[in-house]
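Understanding the architecture of this molecule
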Amino acid sequence: DGNVIWFMGMKSLRIEDNRGLAHASSLAKERGGHLIVVFFISPGDWKMHDRAPQRIDFVLRNLAEVQKQLQELNIPLVIHTQKKRTDIPKDMARFAKEWGATSVVGNIEYEVDECWRDIAVIKELSKSNVHVDFLEDVYVVPAGVLKTGQGNQYSVFSPWNRSWTAYLSSNLDLIEESPLPEANDASIRKKGGKLAPLFDSKVPSSVEGFECENVDYMKKLWPAGSHAARTVLDNFIKRKGGENGMDAPATGDCWDDVGPNAKESRIGRYGIGRNLVSENGSSRLSPYLSAGVISARACLRATMNLEKGKLKVGRSTGVEMWNTEVSFRDFYGHVLAAWPRVSMQRNYILKYEAVVWENNEEHFKRWCEGKTGYPLIDAGMRQLAHSSWQHNRARMACAMFLTKHLLCDWRWGERHYARHLIDSDLASNNAGWQWSASTGTDPQPYFRVFNPTSQSEKCDPNGEYIRHWLPELSGVKGNAIHEPFARLSRSEFEKLDYPKPIVEHKAARERALARFKQPGST
Ligand code: FAD
């Protein structure tokens, strides 16, 4: 019969506004068949791709929510655990046969390993004449569509962003919402029916090798489900205030619309708020976007509702700036699709393959632990370790410090982030690291090296973020918080259980500049 399988990926954990799922549903209806959803738990893949236990926990929690929603529509979500990561194509062909499926549908994922996997799925299924469709869903504008005047992929964000905005403004259907899947007829659940046992498949609460030690705290910060994702978005668009950004749930349940920032909505204040590390100045949607619990299209639509249906992208208002950031997600996805080497641990700028890194293991360890003696960097690294998420300014400062001040290979940092972030996404993480190391698409040359102390003064002017994440500095008053070793007396400093700076800023900067000026030199 004409059953259809939707192959659910780690980036599509929702039933709302999902291109692949909507297409699978309409195919099943057309053929008078049933829709069946399959998700592969693939620990081998997850190990290989350095997935954080918190990320896996978030995936499983969201998957359980999706399963509940699908069951209400009589659609089974089947969970299958892979012994070998390369077994997915064979298993898919076996399921198609067993379940009488004539079509398999998925959403395209552009990472090299995922592309190979999906090509193998297509090849395997074509042997038994099962039809396969992969749809564009993850990015708002499909990768490969926007071209420079010479017909190439853009490598610079600003012209790409102009092109993205113009293209979307004349193709607004790309932002339209996809319909929910239609319910299967209830007969599918009848005892004795061929497909009824599929409803026994249960989402596990954890997977061996990825046990998450702080599930309750993660649940509080990042509640699962598309409803929660919607609340996070609504709070960002509509709510005011949001001062305490450090331990608050992303849904904003425990903050009041009061405080000095309460005059404006959070999105309205985004231009200022997004640079202040102690605030809830950004949306905190990244875990939901990277796991596809909400679509980027839904984010754009929500801002268009504020702007009389217009898509506003630019640098003037909070809404414009936020949409520009949302577009960065597409940009880095397009870069990853166009230059597969960036998914394969290579530099985007090839000449920097020759840069000689120090790769001092002791320095790397101290950076991971948040013990470099630079308070903003240390607070950022403790935030990452504690909450599996980091503010964007902290990500930039910490990544630049590792790659420029400590001259550690950006791949070490990228791997560490992948292993700890709840929102880890290869395209954005890799781009963030290559941006910081000056080996990526950013047109700014290598001599941009943030001064960690002045960054601290700008992004955490009152030192609240630092005092929150570094309890050993909670008693340090005033400006000394940004540079305790230099700004406190020797005896005051020695009373703190805090290290002196691991490297001296000026000398470290000079060393990095020399290495990048002449890749290969030591
Ligand atoms: P908001 O400011 O509210 O932005 C909304 C959304 O736009 C984000 O959720 C995200 O999907 C997208 N976005 C915003 N900024 C960027 C950006 N610079 N690049 C790509 N997308 C962006 N983002 C990830 O989603 N996953 C990662 O693994 C990741 N790793 C990073 C590593 C480094 C070293 C750096 C410098 C940045 C990294 N980023 C990553 C980008 C950025 O830091 C986060 O997307 C952002 O901090 C998430 O917070 P938010 O949801 O509150 O963002």
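Residues numbered from 1 in each chain as written. Predicted model: local features only at pLDDT ≥ 70, side-chain atom pairs only at ≥ 80, totals over all residues.

1. Focus: the overall build of the chain
A tally of regular secondary structure across the chain gives 22 helices and five strands. What you see for the chain is a C-alpha radius of gyration of 24 Å, in line with the 24 Å of a compact globule of 522 residues. Seen through its principal axes, the chain has C-alpha atoms that stretch 80 × 55 × 50 Å. Looking at the chain residue by residue over its 522 residues, the buried ones come to 49%. Put simply, 75% of the contacts in the chain that link residues at least 6 apart link residues at least 24 apart. (Helix = DSSP H or I, 4+ residues; strand = E, 2+ residues; numbered from the N terminus. Rg over C-alpha atoms; globule rule 2.2 N^0.38 Å. Buried ≥ 20, exposed ≤ 12 C-beta atoms within 10 Å, placed from the backbone. Contact = placed C-beta atoms within 7 Å.)

2. Focus: the domain arrangement of the chain
Under the domain assignment used here, the chain contains domain 1 (1-137), domain 2 (139-176 + 225-338) and domain 3 (343-517). Centre-to-centre separation of domain 2 and domain 3, based on C-alpha positions: 25 Å. Each partner contributes residues to the interface: domain 2 has 17 residues there, and domain 3 has 21 residues. Here the residues of the side of domain 2 that touches domain 3 are counted per class, giving eight nonpolar, seven polar and two charged. (Domains from an automatic or database assignment. Nonpolar A, V, L, I, M, F, W, Y, C, P; charged D, E, K, R; others polar.)

3. Some points on the UniProt feature "domain: Photolyase/cryptochrome alpha/beta" (unreviewed entry) in the chain
The residues that UniProt annotates with the feature "domain: Photolyase/cryptochrome alpha/beta" (unreviewed entry) are residues 3-140. Helix and strand shares over residues 3-140 are 47% and 22% respectively, and the end C-alpha atoms of the span are 29 Å apart. (UniProt positions renumbered as here; feature names shortened; annotations may be inferred.)

4. Remarks on the nonpolar core
Counting residues in each nonpolar core, the largest one holds 98 residues, and the members touching the most others are Ile5, Trp6, Ile36 and Val37. Excluding anything up to four places from it in sequence, Trp6 contacts Gly20, Leu21, Ala24, Leu35, Val37 and Val105. Counting residues in hydrophobic clusters, the runner-up holds 36 residues, among them Val355, Trp367, Leu406 and Leu473. (Core = buried A, V, L, I, M, F, W, Y, C linked by C-beta atoms within 7 Å.)

5. Focus on unusual backbone geometry
For Asn129, which is not glycine, the phi dihedral falls at a positive 55 degrees. For Asn129, the position within the fold is in the loop between α5 (112-126) and β5 (131-135). By C-beta crowding, Asn129 is classed as exposed, having 8 other C-beta atoms within 10 Å. Its identity as a non-glycine residue notwithstanding, Gln345 has a phi of 65 degrees, on the positive side. Looking at where Gln345 falls in the secondary structure, it is placed in the loop between α12 (318-338) and α13 (361-369). Since 12 C-beta atoms lie within 10 Å of it, Gln345 is described here as exposed.

6. Re the pairing of strand β4 (residues 101-107)
Burial runs high along β4: six of the seven residues are buried. As paired elements, strand β1 (residues 3-8) and β4 share five bridges and run parallel to each other. From the neighbouring strand, Val4 faces β4, where its bridge partner is Ser103. Considered for its hand, the β-α-β crossover made up of β4, α5 and β5 is right-handed. (Pairing = 2+ DSSP bridges. Right-handed = clockwise from strand over helix to strand, strands pointing away.)

7. Overview of the site of the ligand
Every one of the 27 residues lining the ligand counts as a neighbour, but Ser282, Ser283, Asn392, Asn429 and Gly432 are closest to it. At the level of secondary structure, the elements contributing two or more residues to the shell around the ligand comprise α10 (286-290), α12, α15 (392-405) and α17 (426-436). A breakdown of the residues in the shell around the ligand according to their chemical character gives 10 nonpolar, 10 polar and seven charged. Split by domain, the shell around the ligand shows at least three residues from each of two domains, domain 2 (139-176 + 225-338) and domain 3 (343-517). (Near = placed C-beta within 6 Å.)

8. A closer look at the sheet that holds β1
Read across the sheet, five strands follow the order β3-β2-β1-β4-β5 without closing on themselves; strand pairing throughout is parallel. At either margin of the open sheet sits one strand with a lone partner, and together these are β3 (77-81) and β5. Here the average twist between neighbouring strands, direction ignored, is 25 degrees. Strand contacts of helix α1 (residues 19-31): β1, β2 (35-41), β4 and β5, with the helix running at about 165 degrees to β4, the strand carrying the most contacts. (Axes fitted to C-alpha atoms, helices over the stretch in contact; angles between N-to-C directions.)

9. Digging into helix α4 (residues 88-98)
Among the residues of α4, Ile88, Met92, Ala93 and Ala96 are the ones counted as buried. Down the axis of α4, the buried set is contained in an arc of 135 degrees. They therefore lie on one face. Residues of α4 that are exposed and angled more than 90 degrees away from the buried face: Lys97 and Glu98. Where the residues of α4 are buried, they touch β1, β2, β4 and α5. Downstream of α4 by one or two residues, Gly100 has phi in the positive range, about 65 degrees. (Arc of directions from axis to C-beta.)

10. Notes on the packing of helix α6 (residues 157-170) against α12
One way to put it is that α6 packs onto α12 with a least axis distance of 10 Å and a crossing angle of 100 degrees. When the axis of α6 is compared with that of α12, the two are roughly perpendicular. Contacts between α6 and α12 involve Phe157, Trp160, Asn161 and Trp164 from the first element and Thr324, Ser327, Asp330 and Phe331 from the second. Its residues assigned to classes, the contact of α6 with α12 shows four nonpolar, three polar and one charged. (Parallel < 35°, antiparallel > 145°, perpendicular 65-115°, else oblique.)

11. Points about the packing of helix α16 (residues 410-420) against α17
Helix-helix packing: each pair is described by the crossing angle between the helix axes and the interaxial distance. It is at 10 Å that the axes of α16 and α17 come closest, and there the two elements cross at 145 degrees. Considering only the axes of α16 and α17, their crossing is right-handed. Contact residues: Trp410, Gly413, Glu414, Tyr417 and Ala418 in α16; Asn429, Asn430, Trp433, Gln434 and Ser436 in α17. Along the lines of polarity and charge, the residues of the contact of α16 with α17 split into four nonpolar, five polar and one charged. (Left-handed = near helix turned anticlockwise from the far one by under 90°.)

12. Brief notes about the environment of Thr453
Turning to its location among the elements, Thr453 is positioned in helix α18 (residues 452-459). Residue class for Thr453 comes out partly exposed when judged on the 17 C-beta atoms lying within 10 Å of it. In this structure, the C-alpha to C-alpha distance between Thr453 and Ala397, residues 56 residues apart in sequence, is 10 Å. In this structure, Thr453 is in contact with His482, Glu483 and His505, ignoring residues within four places of it in sequence.

13. Remarks on the environment of Asp91
Note on placement: Asp91 falls in helix α4. For the pair Asp91 and His80, spaced 11 residues apart in the sequence, the C-alpha separation amounts to 9.1 Å.

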